[in-house]
Amino acid sequence: MSDDPVIDLLNTPPKVVNIGLEGFARDLQDEGVKVVHLEWRPPAGGDPELARLLSKLEA
Amino acid sequence: MTSAFQKIEEANAEAVDRMLSGDPVLVDVVPAAQAIPNLRDRMILHAGPMIEWEHMCGPMRGAITGIAVFEGWAADLAEAERMSAAGAFDFWPNHDFDAVGPMTGMTTAGQFVMVVENRAFGNRAYCTVNEGLGKVMRFGGNDAEVRSRLAWLRDEFAPAMGRALRLSNGIALKPLVARGLTMGDEMHQRNAAGTGLVLRALAPALAATARNSGTLSRALSFIAGNDQFFLNIAMAMGKAIMDPVRGIEASSVVTAMTRNGTDFGIRVSGTGDAWFTAPVEMPEGLYFPGYTEDDANPDMGDSTIVETIGLGGFAMAAAPAVAGFVGAGAASEAVEFTRRMGEISCASNPEWTIPILDYVGVPTGIDVRLVVETGLAPTINTGIAHKNPGIGQVGAGVVRAPLACFEQALRALAARLGVS
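Residues numbered from 1 in each chain as written. Chains lettered and ligands numbered in written order. Predicted model: local features only at pLDDT ≥ 70, side-chain atom pairs only at ≥ 80, totals over all residues. Heavy atoms only, no water.

J.: Explanation requested: the domain arrangement of chain B in the structure shown.
T.: Reports of interface size often rely on the accessible area that becomes lost once the parts have come together. Residue and element names in this part refer to chain B. Segmentation of chain B into domains returns domain 1 (23–237) and domain 2 (246–416). Once you take the C-alpha centre of each, domain 1 and domain 2 turn out to be 21 Å apart. Counting residues at the interface gives 45 residues for domain 1, matched by 52 residues for domain 2. Counting the surface lost from both domain 1 and domain 2, the interface buries some 3,500 Å², and carbon and sulfur atoms represent 65% of this. Counting every contact that joins domain 1 to domain 2 gives 2 salt bridges. (Domains from an automatic or database assignment. Contact = heavy atoms within 4.5 Å. Buried area = accessible area lost by both parts, 1.4 Å probe. Salt bridge = Lys/Arg side-chain N within 4 Å of Asp/Glu carboxyl O.)

J.: Would you explain the sheet that holds strand S10 (residues 284–287) of chain B in this entry?
T.: Strand pairs in the sheet, formed through backbone hydrogen bonds, run parallel or antiparallel to each other. Residue and element names in this part refer to chain B. The 3 strands are arranged S10-S15-S14 in an open sheet whose pairing can be described as antiparallel. The open sheet has two edge strands with one neighbour each: S10 and strand S14 (379–385). Strand-to-strand, the axes of this sheet are offset by a mean angle of 20°, without reference to chain direction. Direction of pairing for S14 relative to strand S15 (residues 393–400): antiparallel, over a ladder of 7 bridges. (Pairing = 2+ DSSP bridges. Helix = DSSP H or I, 4+ residues; strand = E, 2+ residues; numbered from the N terminus. Axes fitted to C-alpha atoms, helices over the stretch in contact; angles between N-to-C directions.)

J.: Just checking my understanding: could you explain the side chain of Asn-191 of chain B for this structure?
T.: Residues and elements named next belong to chain B. Secondary-structure assignment places Asn-191 in the loop between helix H6 (173–182) and helix H7 (192–209). Within polar-contact distance, the side chain of Asn-191 engages the backbone oxygen of His-188 at 3.3 Å. Sequence-distant contacts of Asn-191, that is, excluding residues within four places in its chain, are made with Asp-185, Asp-227, Gln-228, Phe-230 and Leu-231. (Polar contact = N/O pair within 3.5 Å; in protein donor to acceptor, adjacent residues only side chain to side chain.)

J.: Looking at this model, I keep getting lost on a nonpolar patch on the surface. Mind explaining?
T.: Residues and elements named next belong to chain A. A grouping of Val-17, Ile-19, Val-36, Leu-38 and Trp-40 is seen on the molecular surface, where their side chains present a nonpolar patch of about 520 Å² in accessible area. Among the elements of the structure, strand S1 (16–19) and strand S2 (35–38) are those that each provide at least two residues to the nonpolar patch. When you line up the elements, Trp-40 lands in the loop between S2 and helix H3 (48–57). (Patch = residues over 30% accessible without salt bridge, like charges linked within 9 Å, V, L, I, M, F, W, Y side chains within 5 Å. Areas by Shrake-Rupley, 256 points an atom, 1.4 Å probe, with all protein chains shown as cover.)

J.: Explain the pattern of salt bridges here, please?
T.: Here the idea is simple: oppositely charged side chains can pair when their charged atoms come close. Residues and elements named next belong to chain B. Tallied over the full model, the rule gives 25 salt bridges over all chains. Taking the shortest distance from any N to any O, the salt bridge between Arg-259 and Asp-299 comes out at 2.7 Å. Of this pair, Arg-259 sits in strand S7 (residues 254–260) while Asp-299 sits in the loop between S10 and strand S11 (300–301); the two residues are 40 residues apart in sequence, bridging distant segments of the chain. An identical accessibility class is assigned to Arg-259 and Asp-299; each is buried. (Buried < 20%, exposed > 50% of the residue type's maximum accessible area, 1.4 Å probe, protein only.)

Okay, here's the thing in structure tokens:
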């Protein structure tokens, strides 16, 4: 361990949180990397009109 | 000034309160024409949103021709088909007449309907008696054997069940469902516990009121031999619970989901009685021996009222055996179905709890905002009918409600609230 977090990041195994596409998490897992996958998708499947309505109806 | 968000939250709290305070009781079995005075001669109530003959699927047409012969409106199935195409019958959704019906959902004046009264609000809802499995009219069966069973239900079973219910002052359904959930039912594709509990509750009064031992024996055997007997009771219960939730200004809670084999439709409390429809999807499931997905008809029936109140696919965790029966994966995956439905629901039901979830309540109050936001469509456990008339049930599976219905509803609700 060094005092510099950037050096630590480069010298220690990565800790990964994958958000969205699960395939990226699986690829890293296949390489032996520890991954926490967070299931996420854009609101309303990415439809901008519905997302805009939701932003007004949900807050 | 109250924001649209605040209006919706307050309206949804009211909607959930009405759902949870409902007190459904199975009180009677009566002639449909008596229960539903507007149900006239040559009127056929069907499952799902409004549909005309030319757009109906095979099993829906099969059931309509069968019920027309049963009612004596046509001499045979061929004549019934000609009359249907010529506009001799009025077709209306069950939902517009305080009724629901499984699969094709045939309700006509000459049948009997079970009556569920919501004693907290005073409204009543109706559903015919479940015919059993296989070749039955709700799955499009229509031959003499199917019609003969309907005649027996009308002439012997339904009057006997009505007498028994009147003697016993009805069966309270809320505690019965609570118990059924702890016994492995989800009340859509597994009703073994609910059916057993109803049989136990009804048997003494059936014995006390049956006209003779033959009637009693046939009635008890019929209920005992049909694990899905409770489904139609659960459906009338669902309708009785949800009808008082209709018409709460600004509420985004879904009050009905239903399908006619061609279209899927939903109603939302804050948008009144408007249907938001989209083409139905094809269930994914398991088939009886000799049948495959090539034989299957798309999704059909008013039975999605069960999911609308948090049971069926929403309560899959209570019934791991169903996950296997409907081809939804391993028993352990049933919990995931319920968890996901919790993400699109406003609340959970403290009186209908699931043991394996440490007694968390079933997801309650589907919110169209949450469905659209997450893209998680309600999961429905369903029977699968053959696509051709006259054959009947060929399997069971899982199907998702089309997201397009919920997107339309969201747009309509936003417009009513002046949000653009």
